[in-house]
Amino acid sequence: MASLGTSNVSVEALDEDQAAKELARLGEEIARHDALYYQQDAPEVTDAAYDALRQRLMAIEARFPNLILADSPSTRVGASPATGFSKVKHAVAMLSLGNAFSQEDIVDFVKRVRRFLGLSLQEPVAFTAEPKIDGLSISLRYENGRLVEAATRGDGTTGENVTANVMTIGEIVHNLDTSQIEAPEIFEVRGEIYMARDDFAKLNAAQEAHGEKVFANPRNAAAGSLRQLDASITASRPLRFFAYSWGEVSALPGKTQAEVVSAFGRWGLPVNPLMRVCSTVEEMLASYEEIEAQRSTLPYDIDGVVYKVNRLDYQERLGFVARSPRWAIAHKFPAEQATTQLLDIDIQVGRTGALTPVAKLAPVTVGGVVVSNATLHNEDEIARKDVRIGDTVVVQRAGDVIPQVVEVVLEKRPKDAQPFEFPKVCPVCGSHAVREIDEKNGDQDVVRRCTGGLVCPAQALGRLKHFVSRGAFDIEGLGEKQLEMFYADGRVKRPADIFTLAKRDKTSDKPLAKQEGFGERSVEKLFAAIDECRRVELPRFIYALGIRHVGEQTARDLSLAFLNFETLRDAVFEAAANRPGPDYLRFLRVQGVGEKSARKIIAALSHSSEKLLALAAAGAPPEAALVGSKIASSRVAKPLLREFGSLESLIDSAGRAATQVPGEAYGRVSEIDGIGQVVTDALIDFFTEEHNQEALHDLLREIEVLPFESPKTLSSSVAGKTVVFTGTLSKTTRSEAKAQAERLGAKVSGSVSKK
Ligand code: IVH
């Protein structure tokens, strides 16, 4: 094997000149080895030696990001077995904003802020108001004034390293202008990358002329242009930027939001000229109207107004709730609407078996986007709106949400239009589709579900899609399209199959690389991406399982409570052994009866049944008998008898319910913060189901679920403890004290309990 010729000089010792030369040389050398390996099947060096070249190149690029060449192997597609962009863990999470849709929402928001901070009516609190740019958020890390890394938002915690691409955007300076304000050692500027409307129109015209993909809107065009593995493509696209926020910083150039944003401007970064500081709700709403009035004439798309508490010490105290700050909110513009014809109603089957009706529409432009599908929610909604095939309907879309059918234009209804008959069987697998009855309140679920379980291809595929989705395993190169293909050709039927793909592919008579849409390189990349996901964090794993009612937040709550997967599973099995039964639940259905009183009433009824029946035999009305023997208050006695029909039937049910009261093991799951009965039951249903057990067993042979490490539990003295605030607090409000304790990892309880 030939020698490699890597330089012996350590990366730290290189000066800029030497680094530039070496990057050029390494780039060429790696490209040559790529060609030998991929195109000529004639590698000259071992894999390890090749990796050493790449590592050196990356190390130099990390030190001199401004020298990264547009065609560097680190940014080129398929140049290496490494997958796409590398990941960047955000030092400070990139969060989203809560939404408001009305003036009342804003009044409430300001009230909440005041209440949290404990401000009197005389104390002013100012807010900034600025347009909400419809682009994609980005974090730009400047060290000593020099741009060293740029990352997308990703899932908020981890984004993609798009440094090379961002370096090509003219409006983003590589070096902050420090002539007026010094640059802190570390400063992560955050803001929005977007494409102006006329640039978008020109780009689409050019794309169309070249027979290439046209983008649906400026936002998609901006995202597609930034996420190019070949940075020279990004360079050719007219991307722009507004700075409006920040992440990790070693110092701040101001004490208010407005001051920091003004510093951004003096550092040479674009800031939005429509930002105002408002001292009252009236001024905030006036700002909203001022911005909305300009919406159609602005050169870029906006979808609302963002208000932020101006004082940074207030922002700090307000902190965050779930994934958005308490100190900011997005006031969205009203949804845009259009009318069109409803051509058909399609029934889609999701991963939980839910049958969702989708309106097939004559294509219509709504707020700049062509819409031909819209959701009709469920069968009750179709009936309520009396939507019929052939109708003319009003559709609306707001932000990123799925377009909706709002109402029917009755005057335009064709004479022969028939009410829509919702199917009672699954259109995919033919199993019965039923609406479940909620055991607790006896109501019928609005959703009709296919009872086919994993036998139903739509459900199986839906679960697989969820399994690889963003908050779950998030496997690069394995999206919905690929899964559909793999499912159809039998390659992947269950999650475990994803992880045995590579092994099976070796002996397959239809290797993936020979299939349409794939090649040696993309297959190699895909398998590498799958391997990278074999070690998975607990919250992602729990979320990936697609358990009903278990979203990302619930998956985090469960992780925090159980710390590893086995403990969770054992706890759920124990809970299953003493979950509440139907007779017990019937007691909970009675108005005024909670869990505590249900237990009391059931116990008392079984205890005094003879006495009660004797009283009744002696002629006492049932209600009086119940009250007289102190089994129920007069407020509850009547509803109890109404639910159960007669005293005899009530006593009978109590006898059965006595053995159905949920036990402690059930409570150990259901009483966790954020869990409750619905989730506990869903967990039990999931873990005790045979197919799921099998699928899990096979999956766990292929992957490793990492134990959860709560970032909070490490440092503070109240971490993991339960605290109660009693009496009057003099320095903060109750909600602020609670938030502060929770930030330090404590659980805050409302009252002192036995525990
Ligand atoms: S402030 C801590 N200001 O909206 C939150 N966000 O829905 C900091 N966005 O992810 C965000 N214009 O991508 C802020 N003027 C603006 C914005 C803005 C657009 C985006 C941003 C964010 C999303 C939240």
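What you are looking at is a predicted structure, and each value in this text was computed from that prediction instead of being measured.

### Quick word on the sheet that holds strand 8 (residues 239–249)
Across the sheet, 4 strands lie side by side as 5-4-7-8; this open sheet has antiparallel pairing. Unpaired on one side and paired on the other, strand 5 (146–152) and strand 8 mark the two borders of the sheet. Put simply, the sheet's adjacent strands are angled 30° from each other on average, direction ignored.

### Re the environment of F644
Tracing the backbone shows F644 in helix 23 (residues 634–644). The class for F644 is buried, based on a relative accessible area of 5%. Each C-alpha atom, one on F644 and one on R586, is 8.8 Å from the other, the two residues being 58 residues apart in sequence. Contact partners of F644, with chain neighbours within four places excluded, come to R586, F587, V590, S649, L650 and S653.

### Regarding the pairing of strand 10 (residues 302–309)
Moving residue by residue along a regular strand, the side chains alternate between the two faces of the sheet. Among the 8 residues that make up strand 10, 8 are buried, leaving the element largely enclosed by the rest of the structure. Pairing geometry for strand 10 and strand 13 (residues 328–332), over 5 bridges, is antiparallel. Among the inter-strand pairings, V305 is bridged to a residue of strand 13, identified as H331.

### Here's the deal with the confidence of the model for the protein
This prediction gives the protein a mean pLDDT of 89; 93% of its residues lie at or above 70. Counting contacts from residues 1–5, a segment whose pLDDT is below 50, to residues more than four positions away or on other chains yields 12 contacts.

### Focus on the pattern of salt bridges
Enumeration according to the criterion identifies 47 salt bridges in this entry. The salt bridge partner of E130 is K308, with a shortest N-O separation of 3.3 Å. On the criterion of sequence distance, the pair formed by E130 in strand 3 (residues 127–133) and K308 in strand 10 is long-range, its members being 178 residues apart. Of the residues examined, K308 reaches a relative accessible area of 6% and is grouped as buried. Three or more residues are tied together by salt bridges with common partners; here these are R141, E143, E188, R190 and E248.

### So, the site of the ligand
Not every one of the 13 residues close to the ligand is listed here, only the nearest: E130, I133, S137, E192 and Y244. The side chain of K132 places a nitrogen or oxygen atom 3.3 Å from an oxygen atom of the ligand. One of the side-chain N or O atoms of Y244 is found 3.3 Å from an oxygen atom in the ligand. Protein chains bury 88% of the 530 Å² of accessible surface belonging to the ligand in isolation. Sorting the residues of the shell around the ligand by element identifies strand 3 and strand 10 as the ones contributing at least two each.

### Observations concerning the packing of helix 18 (residues 565–577) against helix 26 (residues 676–688)
Across the interface, helix 18 lies against helix 26 with an axial gap of 9 Å and an inter-helix angle of 100°. The angle between helix 18 and helix 26 places the two elements in the roughly perpendicular class. Residues F565, L568, R569, V572, F573, A575 and A576 of helix 18 pack against L683, I684, F687 and T688 of helix 26. Residue composition of the contact of helix 18 with helix 26, by class: 9 nonpolar, 1 polar and 1 charged.

### Quick notes on the layout of surface pockets
In this structure, the second largest pocket spans a volume of roughly 1200 Å³. Broken down by element, the residue count for the lining of the second largest pocket peaks at 6 residues, all from helix 26. Among the residues making up the lining of the second largest pocket, the classes are represented as 11 nonpolar, 9 polar and 14 charged.

### A few points about helix 15 (residues 520–532)
End to end, helix 15 covers 18 Å across 13 residues, agreeing with the expected 18 Å (1.5 Å per residue, within 8%). Along helix 15, the residues classified as buried are V523, K525, L526, F527, A529 and I530. Looking at the buried side of helix 15, the elements it contacts are helix 13 (480–488) and helix 14 (495–507).

Calculation notes
Residues numbered from 1 in each chain as written. Predicted model: local features only at pLDDT ≥ 70, side-chain atom pairs only at ≥ 80, totals over all residues. Heavy atoms only, no water. Pairing = 2+ DSSP bridges. Helix = DSSP H or I, 4+ residues; strand = E, 2+ residues; numbered from the N terminus. Axes fitted to C-alpha atoms, helices over the stretch in contact; angles between N-to-C directions. Buried < 20%, exposed > 50% of the residue type's maximum accessible area, 1.4 Å probe, protein only. Contact = heavy atoms within 4.5 Å. pLDDT = per-residue confidence, 0-100. Salt bridge = Lys/Arg side-chain N within 4 Å of Asp/Glu carboxyl O. Near = heavy atom within 4 Å. Polar contact = N/O pair within 3.5 Å; in protein donor to acceptor, adjacent residues only side chain to side chain. Areas by Shrake-Rupley, 256 points an atom, 1.4 Å probe, with all protein chains shown as cover. Parallel < 35°, antiparallel > 145°, perpendicular 65-115°, else oblique. Nonpolar A, V, L, I, M, F, W, Y, C, P; charged D, E, K, R; others polar. 1 Å grid on protein atoms, 1.4 Å probe; cavity = no way out; pocket = protein on both sides within 12 Å on 5 of 7 lines; lining within 4 Å. Points joined across faces, edges and corners; volume = space filled by probe spheres on them. Expected span 1.5 Å × (residues − 1).

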